[in-house]
Amino acid sequence: MTQRVIIEIFYRTPAFANRYEIQAKAGTKSATGRADSLDEALRSVHWQNLDPR
């Protein structure tokens, strides 16, 4: 199944200085990830939270 996912990438947010934060959204569902590098942050996202049920 194909779905549209919107990915927002934040860097150096007040809560996570010098870190990346990813927010992924698909419809009303969302998933997040955080890490020191962009690659690690993308891998840390709980993508299964976006799966349609």
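I will try to describe carefully the structure that is included in this document.

**Concerning the pairing of strand S3 (residues 29-35)**
Thought 1: Of the pairings in the sheet, the one linking strand S2 (residues 16-26) to S3 comprises 7 bridges and is antiparallel in character. If you follow Lys-25 over to S3, its bridge partner there is Ser-30.
Thought 2: Counted along the chain from S2 to the antiparallel partner S3, the turn is 2 residues long, and its residue Gly-27 has a positive phi close to 65 degrees.

**Regarding the side chain of Glu-21**
Thought 1: By the secondary structure assignment, Glu-21 is in strand S2.
Thought 2: Taking the relative accessible area as the measure of exposure, Glu-21 reaches 9% and is therefore buried.
Thought 3: Polar side-chain contacts of Glu-21 include one of 3.4 Å to the side chain of Arg-34.

**A few points about the packing of aromatic side chains**
Thought 1: Scanning all chains against the criterion turns up 1 aromatic pair.
Thought 2: Between Tyr-11 and Tyr-20, the aromatic rings sit 4.6 Å apart at their centres with planes inclined by 40 degrees, giving tilted as the arrangement.
Thought 3: Judged by its relative accessible area of 44%, Tyr-11 is partly exposed.

Criteria and thresholds
- Residues numbered from 1 in each chain as written.
- Predicted model: local features only at pLDDT ≥ 70, side-chain atom pairs only at ≥ 80, totals over all residues.
- Heavy atoms only, no water.
- Pairing = 2+ DSSP bridges.
- Helix = DSSP H or I, 4+ residues; strand = E, 2+ residues; numbered from the N terminus.
- Buried < 20%, exposed > 50% of the residue type's maximum accessible area, 1.4 Å probe, protein only.
- Polar contact = N/O pair within 3.5 Å; in protein donor to acceptor, adjacent residues only side chain to side chain.
- Phe/Tyr/Trp six-rings, centres within 6.5 Å; stacked < 30°, edge-to-face > 60°.

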